[in-house]
Amino acid sequence: MKSINKIFASVLLALVVITNVGIVYASTNTYSATVVRASSQYFSAPDSASFDAITGDFTLECWVKIVSQPGLNQTYALVMKDTLNVNRSWALMYHDVAGVPKLETLYYGANPPVLNFNQAQVSYTLPTDTWTHVALVVTIANSQATQPEWFINGVSIGNGASAGGSGTSSIVNSSAAFAIGGVSGGLAGFYTDAKIDEVRVWNVARTSGQISANYNTQLVGNETGLQAYYQLNNGLTDTTANGNTLTNNNSATFTTDVPFTGASAATFSIWQFLDF
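Bear in mind the structure is a predicted one, so any value in this text is a computation, not a measurement.

How each quantity is defined
Residues numbered from 1 in each chain as written. Predicted model: local features only at pLDDT ≥ 70, side-chain atom pairs only at ≥ 80, totals over all residues. Heavy atoms only, no water. Pairing = 2+ DSSP bridges. Helix = DSSP H or I, 4+ residues; strand = E, 2+ residues; numbered from the N terminus. Axes fitted to C-alpha atoms, helices over the stretch in contact; angles between N-to-C directions. Phe/Tyr/Trp six-rings, centres within 6.5 Å; stacked < 30°, edge-to-face > 60°. Lys NZ or Arg CZ within 6 Å of the ring centre and 35° of its normal. pLDDT = per-residue confidence, 0-100. Contact = heavy atoms within 4.5 Å. Buried < 20%, exposed > 50% of the residue type's maximum accessible area, 1.4 Å probe, protein only. Core = buried A, V, L, I, M, F, W, Y, C linked by side-chain atoms within 4.5 Å.

Q: I'd love a proper account of the sheet that holds strand S4 (residues 75-82), names of residues and values included.
A: One open sheet holds the eight strands; their spatial order is S11-S7-S6-S5-S4-S12-S2-S15, and the pairing between them is antiparallel. Among the strands making up the open sheet, the edge pair consists of strand S11 (161-164) and strand S15 (247-249). Going across the sheet, the axis of each strand differs from the next one's by a mean of 25 degrees, ignoring polarity.

The structure is reproduced here in structure tokens:
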């Protein structure tokens with residue numbers, strides 16, 4: 001009888017997966033995007049209400065595989081809503097500071113920013129030719145020194161250090177466009193030389209547990225606080241319902257080189273329902 005039950009369970013489980021009746025749900029990570037600095041390649045999306053919903057806490061996430069390191073004092077723009085002039089909201093960058101590679105954030109409380117902004121950096125070298133997950137969490141109610149927290153592959157590497165500004169208690173709603181791998185509006189000198197995948201923009205401060213549990217799996221797109229989500233699976237679609245479709249500037253390409261192939265899945269074991 002036990003053998004018959006196991007055979008029955010195996011057949012039923014296969015039917016559930018094939019027919020996708022709700023017990024197992026999965027989408028697979030199949031592509032990432034490649035942006036080439038020398039070709040001024042980047043992705044952008046117009047300003048929208050969902051980006052403007054970031055007025056306080058926020059989290060930025062992406063997978064990055066650096067192709068070549070930034071040169072002396074060069075900056076790679078990773079994820080941002082910032083023109084780097086007078087129209088600014090928030091930015092996540094990789095910056096060579098006098099020969100020291102650093103992750104960097106800038107976020108603003110007013111435009112033009114004057115002093116009510118925060119610029120923070122943490123020393124970290126993103127390895128060449130290795131996929132690395134980068135997350136920036138900003139908790140706006142904290143002190144200026146502890147507002148930003150950096151995570152690498154789901155693990156906190158601390159708050160870094162202030163590099164400018166007097167701090168801010170809110171995020172300004174600017175009209176800057178959103179960009180991946182470059183600066184809003186295509187400002188020269190900040191293009192990235194890397195492969196990028198799984199870009200996520202949140203208007204909440206994600207917890208360390210949430211980041212570590214989800215950084216290496218695809219999301220559904222309806223998670224609380226998720227304002228934009230780009231799986232970059234050979235396409236430009238925002239997986240949320242907010243419709244922040246990207247524009248491919250200067251012919252960036254897609255590749256099957258991905259940081260993980262696992263899926264977002266809601267599963268339970270069918271075996272628990274059978275009496276062996």
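Q: I'd love a proper account of the packing of aromatic side chains, names of residues and values included.
A: Following the criterion strictly, the structure yields twelve aromatic pairs and no others. Through a chain of ring-to-ring contacts, the aromatic side chains of Phe51, Phe58, Trp90, Tyr107, Phe178 and Tyr230 assemble into a single cluster. Its end group placed over the ring of Trp202, Arg206 keeps NZ or CZ at 3.8 Å from the ring centre.

Q: Outline the confidence of the model for the protein, listing residues and values.
A: Averaged over all residues, the pLDDT of the protein is 88; the fraction at 70 or higher stands at 86%. For residues 1-26, every residue scores under 50 in pLDDT, and the model assigns this stretch 28 contacts once sequence neighbours within four places are set aside. Within the model, pLDDT remains below 50 along residues 265-276, and this stretch shows 21 contacts once partners closer than five positions in the same chain are excluded.

Q: An account of the pairing of strand S9 (residues 148-152) is needed here, citing residue identities and associated values.
A: Within S9, four of the five residues are buried, which leaves it mostly tucked inside the rest of the structure. Bridge count between strand S8 (residues 131-138) and S9: five bridges; the pairing is antiparallel. Following the sheet pairing, Val134 is matched in S9 by Ile152. Note: S9 against strand S10 (residues 155-158), three bridges, orientation antiparallel.

Q: Explain unusual backbone geometry residue by residue, including any values.
A: Of note, the phi angle at Asp129 is positive, near 60 degrees, even though the residue is not glycine. Within the element layout of this structure, Asp129 appears in the loop between strand S7 (117-123) and S8. We classify Asp129 as exposed; its relative accessible area is 52%.

Q: Describe the nonpolar core, naming the residues involved and giving the relevant values.
A: In terms of nonpolar packing, the biggest core is built from 39 residues, with Phe58, Val79, Trp90, Leu92, Phe178, Val199 and Tyr230 touching the most fellow members. By residue number, the principal contributor to this core is strand S3 (residues 58-66), which donates five residues. Leave out the neighbours within four places in its chain, and Val199 touches Glu61, Cys62, Val79, Phe178, Ile180, Ala228, Tyr229, Tyr230 and Leu232.

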